[in-house]
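# Fold and geometry: a report
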Amino acid sequence: MKLVTFSTRERIEKPGYLLEASGEVLDLSGCYKSTLQVIQSSDATPTDAARFPLHEVRLHAPIRNPPRIFCIGLNYCDHAIESRLEIPKFPVVFFKMTPSIIGPDEAILLPRETAEPDYEAEMAVVMGKGGYRISAEAAMEHVYGYTILNDVSARDVQFSTSQWSLSKSLPTFCPMGPAIVTKDEIADPHALRIRLEINQECMQDSKTSELIFRVPELIEYISSLTPLLPGDVISTGTPSGVGFARVPQRWLRDGDQVSITIEGLGTLNNPVTTEENPRSL
Ligand code: ZN
C-alpha cells in the first residue's frame with residue numbers, strides 16, 4: 001500500500017491510500033485522523049471508504065508529526081570521502097525537527113540565515129511497531145515502510161559547530177513523500193536506485209546497496225539507546241554529489257526544481273524560492 005496525506009477542496013488534511021491502478025485515493029478519515037494513527041493501528045482497511053480521483057486531490061507530507069526524525073550522517077562511503085570526513089565506526093545520528101516538514105510540490109524557502117543551502121537525497125524508513133533493544137534480526141518486523149526525504153541543509157550553519165540538528169531544521173528543510181510505501185512492496189530496501197536532479201540535471205545517482213549501516217543495523221543501534229516509537233522516521237543518509245562537495249559548489253537557488261526518485265518509492269518534486277520572494281504555487 002501507499003499511505004498518503006491528502007486534501008480535497010475543503011483543504012482538510014486526511015489520511016488515505018493511493019490506489020495507483022485505479023488512479024484514486026481511498027479516504028481513511030472515517031477511521032483515522034492522521035497517517036500516524038494508521039501506522040499505530042493494526043486494524044483492517046475500511047471497505048466502505050470514499051474514493052477520490054487522484055487529479056482532484058492534493059498530496060501533502062505523508063506523515064505530518066512523526067514522533068522523531070532521526071538522520072544518519074556520512075552513511076555512504078563516497079559521501080564520507082567527498083566530505084573529507086572519516087568513515088564512521090558508529091552511526092552518526094542527528095535530528096531534523098518536525099516543523100521543517102513539507103510535502104510534494106511545496107516550495108523549499110531559502111531563508112536569509114544561510115548562504116549555503118544544500119540538498120541531500122535520502123531513503124527514509126518509517127517505523128511501524130516500536131521497541132527497545134530491537135535486534136538486527138528482528139528489525140524488519142518493526143518497519144512500516146519507506147519514503148523519500150530531502151535532508152536540506154544550511155552548510156554554513158552546519159559546519160559552524162559540531163552539532164548539526166538546527167542547520168537541518170529550518171522551515172521547509174524537510175521535504176517528504178509522495179507516499180509511505182509499505183514494506184511488503186519493497187523486496188529489498190538495499191537494492192534501490194536513488195537519484196536527485198536539479199532542473200533535470202543529475203546531481204546524485206547511487207544505490208541503497210552502498211549504505212554503510214543498513215536498515216537493520218540502524219534500528220538495532222538507535223533502539224539500543226532510545227526506544228523507537230511507531231511513526232519514528234529514520235533517514236538513512238545521502239550518497240555523493242551534494243552541492244558543497246562539487247567543484248564549483250552548487251547551492252540551491254531561487255527558481256530551481258529539485259526532483260528525487262527512488263526505485264519503488266516514486267518521485268518527490270519541490271520548487272525552490274527565496275523567503276523574500278515567495279512564488280505562488
Ligand atoms: Zn542527510
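Definitions and cut-offs
Residues numbered from 1 in each chain as written. Predicted model: local features only at pLDDT ≥ 70, side-chain atom pairs only at ≥ 80, totals over all residues. Heavy atoms only, no water. Salt bridge = Lys/Arg side-chain N within 4 Å of Asp/Glu carboxyl O. Helix = DSSP H or I, 4+ residues; strand = E, 2+ residues; numbered from the N terminus. Buried < 20%, exposed > 50% of the residue type's maximum accessible area, 1.4 Å probe, protein only. Donors = N, O, S within 2.8 Å, 3.2 Å for Na, K, Ca; no water. Domains from an automatic or database assignment. Contact = heavy atoms within 4.5 Å. Buried area = accessible area lost by both parts, 1.4 Å probe. Pairing = 2+ DSSP bridges. Phe/Tyr/Trp six-rings, centres within 6.5 Å; stacked < 30°, edge-to-face > 60°. Polar contact = N/O pair within 3.5 Å; in protein donor to acceptor, adjacent residues only side chain to side chain. Axes fitted to C-alpha atoms, helices over the stretch in contact; angles between N-to-C directions.

Attention now goes to the pattern of salt bridges. Under the counting rule described, the total for this entry stands at 15 salt bridges. The partner of K168 in a salt bridge is E120, and the shortest N-O contact between them spans 3.4 Å. Of this pair, K168 sits in the loop between helix 3 (155-158) and strand 14 (174-182) while E120 sits in the loop between strand 10 (117-118) and strand 11 (121-127), placing them 48 residues apart in sequence. Accessibility assignment for this pair places K168 and E120 in one class, buried.

A few words on the coordination of the zinc ion. Ideal coordination angles are 109.5 degrees for a metal with four donors arranged tetrahedrally and 90 or 180 degrees for a metal with six donors arranged octahedrally. Summarising the metal site, the zinc ion is bound by the protein donors E120 (OE), E122 (OE) and D151 (OD), whose distances to it range over 1.9 to 2.1 Å. Expressed as a motif, the donor residue spacing for the zinc ion is E-x1-E-x28-D. You'll find E120 and E122 in the same group, each marked buried.

On to the domain arrangement of the protein chain. Split into domains, the protein chain comes out as domain 1 (2-60) and domain 2 (69-274). Taking only C-alpha atoms, the centre of domain 1 and the centre of domain 2 are 25 Å apart. Contact residues are listed per partner, giving eleven residues for domain 1 and 14 residues for domain 2. Area buried by domain 1 at its contact with domain 2 is led by K2, L3 and I39, which between them contribute 53% of it. There are one salt bridge connecting domain 1 and domain 2. Taking the shortest distance from any N to any O, the salt bridge between K2 and E185 comes out at 2.8 Å. When residues of the side of domain 1 that touches domain 2 are traced back to their parent elements, those giving at least two are strand 1 (2-7), helix 1 (35-40) and strand 5 (58-60).

Right, let's talk about the pairing of strand 11 for a bit. Taken across its seven residues, strand 11 has seven buried, putting it largely inside the fold. What you see with strand 11 is no split at all: A121, M123, V125 and M127 on one side and E122, A124 and V126 on the other are buried throughout. The pairing of strand 11 with strand 12 (residues 143-150) spans seven bridges and is antiparallel. Opposite V126, over in strand 12, you have G145 as the bridge partner.

This paragraph deals with the environment of F213. Mapped onto the elements of the fold, F213 is located in the loop between strand 16 (201-207) and helix 4 (215-223). Once residues lying within four places of it in the same chain are set aside, the contact partners of F213 are N75, P88, K89, F90, P91 and L218.

Going through the model one piece at a time under the given rule, you end up with five aromatic pairs. Ring centres of F90 and Y221 lie 6.4 Å apart, and the angle between their planes is 35°; this geometry places the pair in the tilted category. Of the two residues, F90 sits in the loop between helix 2 (77-82) and strand 7 (92-96) while Y221 sits in helix 4, which places them 131 residues apart along the sequence. Judged by relative accessible area, which is 57%, F90 ranks as exposed.

Another point: the environment of Q40. Considering the arrangement of structural elements, one finds Q40 in helix 1. Overall, Q40 belongs to the partly exposed group, its relative accessible area being 48%. The sequence separation of Q40 and T274 amounts to 234 residues, and the corresponding C-alpha distance is 37 Å.

One can find R250 in the loop between strand 17 (233-235) and strand 18 (257-262). Accessibility expressed as a relative area gives 10% for R250, which makes it buried. Here D256 takes part through its side chain, which lies 2.9 Å from a polar atom of the side chain of R250.

On to the sheet that holds strand 16, then. Two modes of strand pairing occur in sheets, parallel and antiparallel, and in both the strands are linked by backbone hydrogen bonds. With respect to topology, five strands assemble into an open sheet ordered 9-19-18-15-16, the strand pairing being mixed. Where the open sheet ends on each side, the last strands, each with one partner, are strand 9 (108-110) and strand 16. Across this sheet, the average inter-strand angle for adjacent strands is 15°, counted without regard to direction. Alignment of strand 15 (residues 193-198) against strand 18, held across five bridges, turns out to be antiparallel. Directly across from L196, in strand 18, lies its bridge partner I260.

With respect to the helices and strands, the residue H190 is situated in the loop between strand 14 and strand 15. At 3.1 Å, the side chain of H190 forms a polar contact with the backbone nitrogen of V215. Once residues within four sequence positions are removed from consideration, H190 is found in contact with T208, S209, L211, R214, V215 and P216.

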